[in-house]
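Residue-level structure breakdown
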Amino acid sequence: MTSKLDAILQNIEAMARRAKRNTEDITLIAVSKTKSIQDIIPLLNQGHRVFGENKIQEAQDKWPLLRQDYTAIELHLIGPLQSNKVRQAIQTFDVIETVDRPKIARAIARISQEEQKICPCYIQINVGCEDQKAGIDPNQADAFIKLCRDELKLPIVGLMCIPPADQDPKEYFLLLKEIADRNQLAKLSMGMSGDYALAIECGATSVRIGTALFGER
Ligand SMILES: *Cc1c(COP(=O)(O)O)cnc(C)c1O
């Protein structure tokens, strides 16, 4: 029987081929938010190692236990980060995808030094300029990337976005790619259960998939 994980990895491979891209250049981030340790273990047993969580407390409750039994886990923070939680985030996660304002960027820079831990970071772009969404506005992206990289020396590896719901995400994916290209950033975290085919076509280097892997939350 093919597992959901295998099915999605096969989809990613087919989509990569169609887009004339290498499968190895696209990472599946299994979004395990709200899912229990028991839900996560089967994926770990199948060899999957890259996961995403959106809440720091929840990640702290689950992942230190899982790390006792499984090595080489790469845990991505994909949810909003408050400045009083930065230390816990750095201790709990391996990659931070939601750097979205100067205050947070400065806190990450300072606390990474204190903790002697380097977490590769993504800058979250509010591609639809939505009031209710986190992320830096597209027209402030270049200056913010410059601040993070040049002044704060943060290890910025790429950009992340969550496009507006109920709209064709294509123009937003392409906008993220355009901002990344002109800033020489290699990685693009975009695409979720409903739109990862399109995201891969537009250049995603990681897709964040929850529902299609674990079922409805
Ligand atoms: C929940 C979540 C996902 C996964 O969404 P699905 O539609 O369940 O695949 C991806 N990215 C972020 C930032 C999320 O919060």
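Now for a description of the structure that goes with this document. (Residues numbered from 1 in each chain as written. Predicted model: local features only at pLDDT ≥ 70, side-chain atom pairs only at ≥ 80, totals over all residues. Heavy atoms only, no water.)

Of the regular secondary structure elements, the protein holds 9 helices and 8 strands. Across its three principal axes, the protein shows a C-alpha extent of roughly 50 × 40 × 30 Å. Relative to its 217 residues, the protein shows a buried fraction of 51%. Look at the contacts in the protein between residues 6 or more apart in sequence, and 59% of them connect residues 24 or more apart. Here the protein displays about 10700 Å² of accessible surface, and carbon together with sulfur accounts for 48% of that area. (Helix = DSSP H or I, 4+ residues; strand = E, 2+ residues; numbered from the N terminus. Buried < 20%, exposed > 50% of the residue type's maximum accessible area, 1.4 Å probe, protein only. Contact = heavy atoms within 4.5 Å. Areas by Shrake-Rupley, 256 points an atom, 1.4 Å probe, with all protein chains shown as cover.)

Right, let's get into the packing of helix H2 (residues 37-45) against helix H3 (residues 56-69). For the pair H2 and H3, interaxial distance at closest approach is 11 Å and the crossing angle is 40°. Here H2 lies oblique to H3, going by the angle between them. Considering how the two elements wind past one another, H2 and H3 form a crossing that is right-handed. Across from Ile37, Ile40, Ile41 and Leu44 in H2, the residues of H3 making contact are Lys62, Trp63, Leu65 and Leu66. Across the contact of H2 with H3, the residue classes tally to 7 nonpolar, no polar and 1 charged. (Axes fitted to C-alpha atoms, helices over the stretch in contact; angles between N-to-C directions. Parallel < 35°, antiparallel > 145°, perpendicular 65-115°, else oblique. Left-handed = near helix turned anticlockwise from the far one by under 90°. Nonpolar A, V, L, I, M, F, W, Y, C, P; charged D, E, K, R; others polar.)

Another point: the nonpolar core. In this structure, Ile108, Ile123 and Leu159 are the most contacted members of the largest nonpolar core, which totals 68 residues. If one sorts the elements of this core by residue count, helix H5 (residues 102-115) sits on top with 6 residues. Listed in part, the 5 residues of the second largest apolar core include Val31, Ile78, Val95 and Met160. (Core = buried A, V, L, I, M, F, W, Y, C linked by side-chain atoms within 4.5 Å.)

The next point concerns the pattern of salt bridges. All chains considered together, the criterion is met by 15 salt bridges. Here glutamate 130 ties to lysine 133 by a salt bridge, and the two come within 2.9 Å at their closest N and O atoms. We note a salt bridge from aspartate 150 to lysine 146, for which the minimum N-O separation is 3.6 Å. Here aspartate 150 pairs with lysine 146, and both are found in helix H6 (residues 141-151), just 4 residues apart, close to one helical turn. Overall, the relative accessible area of 42% leaves aspartate 150 in the partly exposed class. (Salt bridge = Lys/Arg side-chain N within 4 Å of Asp/Glu carboxyl O.)

What follows covers H2. Of the positions making up H2, those classed as buried are Ile37, Ile40, Leu43 and Leu44. Taken down its axis, H2 places every buried residue within 115° of arc, on the same side. In H2, the exposed positions angled more than 90 degrees off the buried face are occupied by Gln38 and Asn45. The inward-facing, buried residues of H2 contact helix H1 (4-18), strand E1 (27-31), strand E2 (50-53), H3 and helix H9 (211-214). (Arc of directions from axis to C-beta.)

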